[in-house]
Amino acid sequence: MDQNLDEKALRELEQELHTEIVPGTEIMIDVGTHHFVKAGTGGHSVLVPQPSDDPHDPLNWSPMWKGLAMMCATLVSFSQGVGPLALAPMFGDYIEAFDSDLTAVVQFTGVAILVLGFSNFIWVPVQSCWGRRPVLIASSLICFGSSIWRAKANSYNSFMGACVLNGIGAGPAETAQPTIIADIIFLHDRGKYQTLYFAVYFGSLMVGPIISGPMAQQLGWRSFWWLNTALLGFVTVCCIFLFPETKFNRSFVPSNSMVSSSPPMKEGSAEQFESPAQNHAETSATDHVDVGKTAAVQLQAPVVVEGAGLTHAHTHEDPYLGRGKPSKAQWKFAQPYEGNFFMELWLPWKLFLFPIVEFSSFVVSWTASSFLTLNLTQSQAFASPPYNFTSTKIGFFNFAILVGALIGLVTAGPLSDAIAARLTKRNRGIREPEMRLLAMIPYVILMVIGNVVVAVGYQKAWDWKVDSLHFPSNPLSNTDEKQVIVIIGYTCAGIQVAALPSISSTYSIDSYKPVAGSIFVAITVNKNLWGYGFSKFITPWIIKSGYIPPIMTNMSLILLFCLSGIIFWFYGKTFRKWTRNSKVHSM
């Protein structure tokens, strides 16, 4: 519960609503005599978390400042994600330049993503103790240096060293933006922004090969790294001048709020002047904050409960909602040290014991590996006979994945938010994090379709006749059926990689918001360990057994972990009860 209420008030809410309120459970309407800051006056959805009455609170920032902060975070996610997987279309160039083989140069990708995952054991404690701003700036500078190193590398070992440095610097691409989203975005919009993050981050992994392939063929592979250097330099400047600190500590109870407790109201008595159902009937949920209506939130007059002898009210006026701005202190390079750095180092390992975090980790890890499969196999499948496609053509195949990611972006976030809002309404204004899980169903189906199409299409060398799907020949294809694999298989992979990770990770953040950064460390380590192992064995496995066994095995694991969401739909709240007294809720 993130509405700044004390324990006694929470227990009274439980009695009025006849439900148990545990971390992650949120009350999205006014209940009885409890009134909260809303997204607009006159009965809009309750804001979670509740903003303070400080104009410098990031939750109170104007749309311009929130937009700039989100823009910088998004640019960091994009720019730091372009490099690690941009190598796929250039594998042939690296084999020639460094006198190596495919198995060896694939390790440029594998080592980078492995180091990237573990680097967040340092980055996330830094952003928890000193703030988000120093992490964005320092990591972008490290990536800037690694890009220059890559452009100048003249040997296999030198280029591998640059990949390691890139992995160290690019860690925040996978952990910073989710934390910033939790800092400045209210619950009812969180699904959209989480999907934006995953679409942009995984989109960057797709854009990299699209750009690197043609540049390597026309200008040489080093030219791509100089372009990447320019992009990282631009993002670093943006972070320095446009990104204020979003880490902010709110007092438990707003300074101008009055909260006192009365004895529980008896059902049907004169004390019970407003039922939750009646109140909810007058409440409509909105997915945005109307700045013109939020400058002043209705001030609720104290209500005297007859016979109780106590005044019970929750009044909160927030004149800065939608009109705040950063303070000068929020433009410092780093904030004063706060928290426990060594505890933050341990926290991601502790979170692996939480079933909900474990569920999100495995869903994100294996759905991401579905995309990694395409990245690691496209050169192996398309550059060899009988196709002998150039790196330019191979790079262009990633457009289909990018289009899929954009489809996932515009559908997954709104769909999960809409389903959660509808189920909240049916549940008398009580929102549970598990309500988002239903939105996974269509994307799991698309994931299965995409993997089957790619695996069988690769194995059959495009000679897979689909009578209902016929495309005219074009210069880029040897058979019409190739387009089925690229358009259907690659597009489905793009859709699911933007949708399933965002829905499952938002579920964890809704359940354990104070440790959003550490949740993504756990997710990233899990994901990148599997990605590194997958990059080690997929090439020899394909050579030995063909494309179907490794790709279909991976798909089966994805399906297994996604289907485990059924367990969380029924027992997720029980799992949250197990951890209700954990210190993670007060960090």
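Since this is a predicted model, take the numbers as computed values, not measurements.

Criteria and thresholds
- Residues numbered from 1 in each chain as written.
- Predicted model: local features only at pLDDT ≥ 70, side-chain atom pairs only at ≥ 80, totals over all residues.
- Heavy atoms only, no water.
- Helix = DSSP H or I, 4+ residues; strand = E, 2+ residues; numbered from the N terminus.
- Buried < 20%, exposed > 50% of the residue type's maximum accessible area, 1.4 Å probe, protein only.
- Contact = heavy atoms within 4.5 Å.
- Areas by Shrake-Rupley, 256 points an atom, 1.4 Å probe, with all protein chains shown as cover.
- Core = buried A, V, L, I, M, F, W, Y, C linked by side-chain atoms within 4.5 Å.
- Expected span 1.5 Å × (residues − 1).
- pLDDT = per-residue confidence, 0-100.
- Axes fitted to C-alpha atoms, helices over the stretch in contact; angles between N-to-C directions.
- Parallel < 35°, antiparallel > 145°, perpendicular 65-115°, else oblique.
- Left-handed = near helix turned anticlockwise from the far one by under 90°.
- Nonpolar A, V, L, I, M, F, W, Y, C, P; charged D, E, K, R; others polar.
- Patch = residues over 30% accessible without salt bridge, like charges linked within 9 Å, V, L, I, M, F, W, Y side chains within 5 Å.
- Salt bridge = Lys/Arg side-chain N within 4 Å of Asp/Glu carboxyl O.

**A short note on the overall build of the protein**
A tally of regular secondary structure across the protein gives 20 helices and 6 strands. Counting the 587 residues in the protein, one finds 60% classified as buried. Residue pairs in contact within the protein that sit at least 24 positions apart in sequence constitute 81% of those at least 6 positions apart. Accessible area for the protein stands at about 22000 Å²; split by element, carbon and sulfur atoms hold 64% of it.

**A few points about the nonpolar core**
The nonpolar side chains of a soluble globular protein tend to be buried, and buried together. Ranked by internal contacts, the top residues of the largest apolar core, which has 127 residues, are Tyr94 and Phe159. For this core, the element with the most residues is helix H13 (residues 355–382), which contributes 13 residues. Of all hydrophobic cores here, the second largest spans 5 residues; its members include Val126, Cys129, Val135 and Phe341.

**Side note on helix H6 (residues 156–169)**
The terminal C-alpha atoms of H6 lie 20 Å apart, and with 14 residues this matches the ideal 20 Å at 1.5 Å per residue to within 8%. In this structure, the buried residues of H6 make contact with helix H2 (63–82), helix H3 (91–97), helix H4 (102–129), helix H5 (132–152) and helix H9 (221–242).

**Considerations on unusual backbone geometry**
Of note in the backbone geometry, Asp99 takes a positive phi value of approximately 50° without being a glycine. Following the sequence through the fold, Asp99 ends up in the loop between H3 and H4. Given a relative accessible area of 72%, Asp99 falls into the exposed group. The phi angle at Arg428 is positive, at roughly 60°, despite the residue not being glycine. Arg428 sits in the partly exposed class, given a relative accessible area of 32%.

**Considerations on the confidence of the model for the protein**
Per-residue pLDDT for the protein has a mean of 80; in total, 79% of the residues score no lower than 70. Element-level pLDDT for the protein is lowest in strand E3 (residues 303–304), with a mean of 36, against a maximum mean of 97 in H5. The low-confidence segment residues 463–481 (pLDDT under 50) makes 28 contacts with residues lying over four places distant or belonging to another chain.

**Describing the packing of H13 against helix H19 (residues 548–563)**
One way to put it is that H13 packs onto H19 with a least axis distance of 9 Å and a crossing angle of 155°. By the angle between their directions, the pair H13 and H19 is classed as roughly antiparallel. The chirality of how H13 crosses H19 is left-handed. Within the contact between the two elements, H13 uses Phe359, Phe362, Val363, Trp366, Thr367, Ser369, Ser370 and Thr373 and H19 uses Ile551, Asn554, Leu557, Ile558, Phe561 and Cys562. Looking at side-chain class alone, the contact of H13 with H19 contains 9 nonpolar, 5 polar and no charged residues.

**Some words on a nonpolar patch on the surface**
Side chains of Leu438, Ile441, Ile445, Ile449, Leu563, Ile566, Ile567, Trp569, Phe570 and Tyr571 sit close together on the surface and give an oily, nonpolar patch of about 990 Å² of accessible area. Where the nonpolar patch is concerned, the elements lending two or more residues are helix H16 (441–459) and helix H20 (565–578). Relative to the helices and strands, Tyr571 resides in helix H20.

**Re the environment of Ser327**
Looking at the element boundaries, Ser327 is found in the loop between strand E5 (314–315) and helix H12 (341–351). Residue Ser327 is classed as buried on the basis of its relative accessible area of 16%. Taking the C-alpha atoms as reference points, Ser327 and Glu245, 82 residues apart in sequence, are found 9.2 Å from one another.

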